[in-house]
Amino acid sequence: ASLMVEQYRVAATRLILMHTEKKNVVTLVTSSVMGEGKTTTAVNLAYILAHDLGKSTLLIDCDFKRPMVHEYMGVPIGPGLGDVLQGGEILENCIHPCEGVPLWVLPSGSPTIRPVGLSGIQYVKKILPDLKARYDHVILDAPPVMPLADVNILSGMTDMTAFVVRAGGTSQDIAKKALGTLGNVAGTAGIILTQVEMEYAPYFTYAAAYVNEDSETRV
């Protein structure tokens, strides 16, 4: 019932409204650098899409250098993408259900065989068309754009890019540089501003605000 949760509901609802003509939607969640609330945003959007809006949703942890989705969602880190990539598991065994909601999680995989470099991102790109056809929404918790724009490989296959910016923590120069590095994203793009101080709501210090809903990404 908090203001912060309500703002995530607003963002999730806008995701749906922006793609009413599509049955299956892939949303890429990324940021300039680590620590901006990217994973928190991806997890909350996925949960609200499933719990509040009744959409079958798959949340994929594509941040292989610093995977956190499994901790937020309370599922094992493996088996996951790395286990499939190394041939140790089939994909179906790596998609973990969340009890009581139409939400599934595909974690990064066992730490000992976690994908390195671009191999994991390339594999996600390979399996994404099939996964997209099976779920109403697929949420990708992608790596930060800087210093390496691995996320560029995925951006061309998404319907929506949600660029997370930490208010008061990320300078406009860094955000603009990251957006420039990301290049032309496919589909619709927007910015989710996190850790916004709400002067009119002293009991809720932080909230997330969705600030753009057209096809142009801007800071």
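Residues numbered from 1 in each chain as written. Predicted model: local features only at pLDDT ≥ 70, side-chain atom pairs only at ≥ 80, totals over all residues. Heavy atoms only, no water.

K.L.:
Even after reading the chapter, I still don't get the overall build of the chain, so can you show me in this structure?
P.N.:
The helix and strand tally for the chain stands at 7 helices and 8 strands. Summarising the internal contacts of the chain: among those between residues at least 6 apart in sequence, 77% fall at separations of at least 24. Of the roughly 10100 Å² of accessible surface on the chain, a fraction of 53% belongs to carbon and sulfur atoms. (Helix = DSSP H or I, 4+ residues; strand = E, 2+ residues; numbered from the N terminus. Contact = heavy atoms within 4.5 Å. Areas by Shrake-Rupley, 256 points an atom, 1.4 Å probe, with all protein chains shown as cover.)

K.L.:
Looking at this model, I keep getting lost on the nonpolar core. Mind explaining?
P.N.:
Side chains of nonpolar character tend, in soluble globular proteins, to be buried together. Residues Ile60, Leu106, Leu131 and Leu140 are the most contacted members of the largest nonpolar core, which totals 33 residues. Those elements giving two or more residues to this core turn out to be strand 1 (25–31), strand 2 (57–61), helix 4 (81–85), helix 5 (119–134), strand 5 (137–141), helix 6 (152–155), strand 6 (160–166) and helix 7 (172–182). It is helix 5 that provides the largest number of residues to this core, a total of 6 residues. Beyond its immediate sequence surroundings of up to four residues, leucine 106 is in contact with Leu58, Leu59, Ile60, Asp61, Leu81, Leu91, Cys94, Ile95, Ile127 and Leu131. Grouped together as the second largest cluster of nonpolar side chains are 26 residues, Val29, Val43, Met160 and Val164 included. (Core = buried A, V, L, I, M, F, W, Y, C linked by side-chain atoms within 4.5 Å. Buried < 20%, exposed > 50% of the residue type's maximum accessible area, 1.4 Å probe, protein only.)

K.L.:
Explain the packing of helix 1 (residues 3–17) against helix 2 (residues 38–51) to me, please; I cannot follow it from the model alone.
P.N.:
The relative placement of two packed helices comes down to the angle between their axes together with the axis-to-axis distance. Running from amino to carboxyl end, helix 1 crosses helix 2 at an angle of 70°, the nearest separation of the two axes being 9 Å. Taken as axis vectors, helix 1 and helix 2 run roughly perpendicular relative to one another. Seen from helix 1, the contacting residues are Val5, Tyr8, Arg9, Ala11, Ala12, Leu15 and Ile16; seen from helix 2, they are Thr40, Thr41, Asn44, Leu45, Ile48 and Leu49. (Axes fitted to C-alpha atoms, helices over the stretch in contact; angles between N-to-C directions. Parallel < 35°, antiparallel > 145°, perpendicular 65-115°, else oblique.)

K.L.:
Which parts of the structure should I look at to understand the environment of leucine 182?
P.N.:
Within the secondary structure, leucine 182 is located in helix 7. On the accessibility criterion, leucine 182 (4% relative accessible area) is buried. Sequence-wise, leucine 182 and aspartate 150 are 32 residues apart; in three dimensions their C-alpha atoms are separated by 9.1 Å.

K.L.:
Any chance you could explain the pairing of strand 1 here in plain terms?
P.N.:
The side chains of a regular strand alternate, residue by residue, between the two faces of the sheet. Most of strand 1 is tucked away: 7 of the 7 residues are buried. Going residue by residue along strand 1, you find Val25, Thr27, Val29 and Ser31 tucked away on one face and Val26, Leu28 and Thr30 tucked away on the opposite face as well. The sheet contact formed by strand 1 and strand 5 spans 5 bridges and is parallel. In the sheet register, threonine 27 faces strand 5, and the bridge partner there is isoleucine 139. Two elements, strand 1 and strand 6, share 5 bridges in a ladder whose sense is parallel. (Pairing = 2+ DSSP bridges.)

K.L.:
When you look at unusual backbone geometry in this model, what are you seeing that I'm missing?
P.N.:
Negative phi values dominate among residues other than glycine, just as trans dominates among peptide bonds. The residue after glycine 78, namely proline 79, is reached through a cis peptide bond having omega 5°. With respect to the helices, strands and loops of the structure, proline 79 is situated in the loop between helix 3 (69–73) and helix 4.

K.L.:
How should I be thinking about the pairing of strand 4 (residues 103–106) in this particular structure?
P.N.:
Inspection of the sheet shows strand 2 paired to strand 4 by 4 bridges, in the parallel sense. Following the sheet pairing, threonine 57 is matched in strand 4 by leucine 103. Direction of pairing for strand 3 (residues 96–98) relative to strand 4: antiparallel, over a ladder of 3 bridges. The partner of cysteine 98 across the bridge, within strand 4, is leucine 103.

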